[in-house]
Amino acid sequence: MLTTRPRGTSDILPGEVEKWQYLEQVIRQLCREYGYSEIRTPIFEHTELFERGVGETTDIVQKEMYTFRDRGGRSITLRPEGTAAVVRAYLENKLYAGPQPVKLYYIGPMFRYDRPQAGRYRQFHQFGVEVLGSHDPALDAEVVAMAMDLYSRLGLRELELHINSVGCPRCRPVLREKLQDFFRARLDRLCPNCRDRLERNPLRILDCKEESCREAGRGAPTSLDYLCPGCGDHFQAVLKHLDNLGVAYTVDRSLVRGLDYYTHTAFEIIARGIGAQNSIGGGGRYNGLVKDCGGSDIPGIGFALGLERILLTMEQQGVAFPRLPKLDVFLATADAAAQDRALVLVQKLRREGLAADRDYLGRSLKAQMKYAGKMEVGLVAILGSEELKRGVVALRDMATGNQEEVPLDRLVEEIKQRCSEVKLQYS
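Cut-offs and rules
Residues numbered from 1 in each chain as written. Predicted model: local features only at pLDDT ≥ 70, side-chain atom pairs only at ≥ 80, totals over all residues. Heavy atoms only, no water. Helix = DSSP H or I, 4+ residues; strand = E, 2+ residues; numbered from the N terminus. Expected span 1.5 Å × (residues − 1). Buried < 20%, exposed > 50% of the residue type's maximum accessible area, 1.4 Å probe, protein only. Arc of directions from axis to C-beta. Pairing = 2+ DSSP bridges. Axes fitted to C-alpha atoms, helices over the stretch in contact; angles between N-to-C directions. Polar contact = N/O pair within 3.5 Å; in protein donor to acceptor, adjacent residues only side chain to side chain. Contact = heavy atoms within 4.5 Å. Phe/Tyr/Trp six-rings, centres within 6.5 Å; stacked < 30°, edge-to-face > 60°. Lys NZ or Arg CZ within 6 Å of the ring centre and 35° of its normal.

**Student:** What's the story with helix α12 (residues 339-351) in this structure? I'm lost.
**Tutor:** Given 3.6 residues to a turn, an α-helix orients residues that are three or four positions apart in the same direction. The terminal C-alpha atoms of α12 lie 19 Å apart, and with 13 residues this matches the ideal 18 Å at 1.5 Å per residue to within 8%. Every buried residue of α12 is listed here: Ala342, Leu345, Val346 and Leu349. Buried residues in α12, looked at end-on, bunch into an arc of 105°, giving them a common side. With respect to the buried face of α12, the exposed residues turned more than 90 degrees away are Asp340, Val344 and Arg351. Immediately downstream of α12, the backbone of Gly353 shows phi near 85°, a positive value.

Spelled out as structure tokens, the structure:
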């Protein structure tokens, strides 16, 4: 058991982690261009934050949270999602006192106890953005477009954007009553959780994953049928802005996000062909969440995208990842006389910003060259007593097999020049 990871978790090993680094690099560049600043919140929070923010009737709170008592007797929960924690940080650190709106993003692990399946784990990773302080429908469109922009930059294709409006506290009571009337006639077909939700929050029934509840929900009243004028105007404005931005979408009247804090705009991005759970991200407005967490009536909107599911989709669609050499240069020693000088030279290369390493197992030159090939090194600098006497290094290009002698005092400049040419190919 000591050498087996917990079910629903994964080790991200060398060879795979480079894909994650590439994805995170693209994300950070995207956020910089859209004017977002990074925020890092604790991995665990007080349980009440998620009960109040996410919603007591959601599957996350009822079934999926990792909750425990700490040594002080406090109820603590590993964060199952990022929005509630960001809102808490926004309030606690008085970010509302600064320039508005506040545009934040995060990248990090989340935790939900669920049945592991393709691209879905109990510890998983999300990239999310949150914008607090504006109700402008143009911002809704920008947030949606930002998510689609990321997928485009990553080379993903054949994605479907589904969008809906789930209304607001003014119009939702009418929908609530219509849903209760609809599902009371189908009560015997609902799972035990949804029977309980019928009186407390019937909208949650539409998000249930049980097949019997999905069947019972066919033909149920939808939020678009009962939007108040304000919500209707807001949704039409969002769609107009998406049209202006050239973002293709499908209005999905049955779309209900799995969290209670959503109001107005809700959206989801679907990738076909990655399994039954084919959503690779989604989000929407949460205009009441800041107030529910103890703040003022400040509007917000955001999204969260699962990194595992993005990477899975990239692999299944055959998207190529950039593959730079793991090392810029490996310094191989031909004999014992060169080893001391090699250690100093490797450090000099590193101080010049080059990724460099050398042998530490006393291998033969032939074995060192074989090792450098396995490590996918771009260049090998070969140093021995003969080279030291003449003040040169033999520099071999591992891709072409070409080898030439370079003066020791010009080694750094030569390697930098060659590495810049290689990296240019991947830029």
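The discussion continues.
**Student:** Looking at this model, I keep getting lost on the sheet that holds strand β4 (residues 75-78). Mind explaining?
**Tutor:** Strand-to-strand pairing in sheets goes through backbone hydrogen bonds, with the strands running parallel or antiparallel. The strand order across the open sheet built from three strands is β2-β4-β3, with neighbouring strands paired in antiparallel fashion. Each of the sheet's edge strands pairs with one partner strand only, and the pair in question is β2 (44-46) and β3 (67-69). Ignoring which end each strand starts from, the neighbouring axes of this sheet average 35° apart. Sheet topology note: the β2/β4 ladder contains three bridges and is antiparallel.

**Student:** How do you make sense of the side chain of His162 when you look at a structure like this?
**Tutor:** Locating His162 in the fold gives a position in strand β7 (residues 159-165). Overall, His162 belongs to the buried group, its relative accessible area being 13%. At 3.1 Å, the side chain of His162 forms a polar contact with the side chain of Glu160. The residues contacting His162, other than those within four sequence positions of it, are Thr250, Asp252, Leu255, Ala266, Phe267, Glu268, Ile270 and Arg272.

**Student:** Would you explain unusual backbone geometry in this entry?
**Tutor:** The phi angle of most residues is negative, glycine excepted, and most peptide bonds adopt the trans form. Note that the residue after Gln100, namely Pro101, is joined by a cis bond; omega there is -5°. Residue placement: Pro101 occurs in the loop between α4 (83-92) and β5 (102-111). Phi at Glu158 is positive, roughly 55°, even though this residue is not glycine. Residue position: Glu158 is located in the loop between α5 (137-154) and β7. Residue Glu158 is classed as exposed on the basis of its relative accessible area of 67%. Phi is positive for His264, which is not a glycine, with a value near 55°. Structurally, the position occupied by His264 is in strand β9 (residues 263-271).

**Student:** Just checking my understanding: could you explain the pairing of strand β14 (residues 379-383) for this structure?
**Tutor:** Side-chain direction in a regular strand flips from residue to residue, so the side chains alternate between the two faces of the sheet. The buried fraction of β14 is high, at five of five residues. Pairing between strand β12 (residues 329-333) and β14: five bridges, direction parallel. Across the sheet, Phe330 pairs through a bridge with Val380, a residue of β14. Strand direction decides the pairing type here: β14 and strand β15 (residues 392-397), joined by four bridges, are antiparallel. From the neighbouring strand, Ile382 faces β15, where its bridge partner is Ala394.

**Student:** Looking at this structure, how should I read the packing of aromatic side chains?
**Tutor:** To describe a pair of aromatic rings, one takes the distance between the centres and the angle between the planes. The final tally for this structure, using the stated rule, is nine aromatic pairs. Ring plane angle 80° and centroid distance 5.6 Å describe the contact between Phe127 and Phe303, whose orientation is recorded as edge-to-face. Residue Phe127 is found in strand β6 (residues 123-132), and its partner Phe303 is found in strand β11 (residues 300-306); the two are separated by 176 residues along the sequence. Residue classification places Phe303 among the buried residues on the basis of a relative accessible area of 2%. Put simply, the rings of Tyr105, Phe127 and Phe303 pair up and form one aromatic cluster. Across from the ring centre of Phe182, 3.7 Å away, lies the NZ or CZ of Arg186, which sits over that ring. Stacked on the ring of Tyr371, the Lys or Arg Arg363 has its end atom at 4.3 Å from the ring centre.

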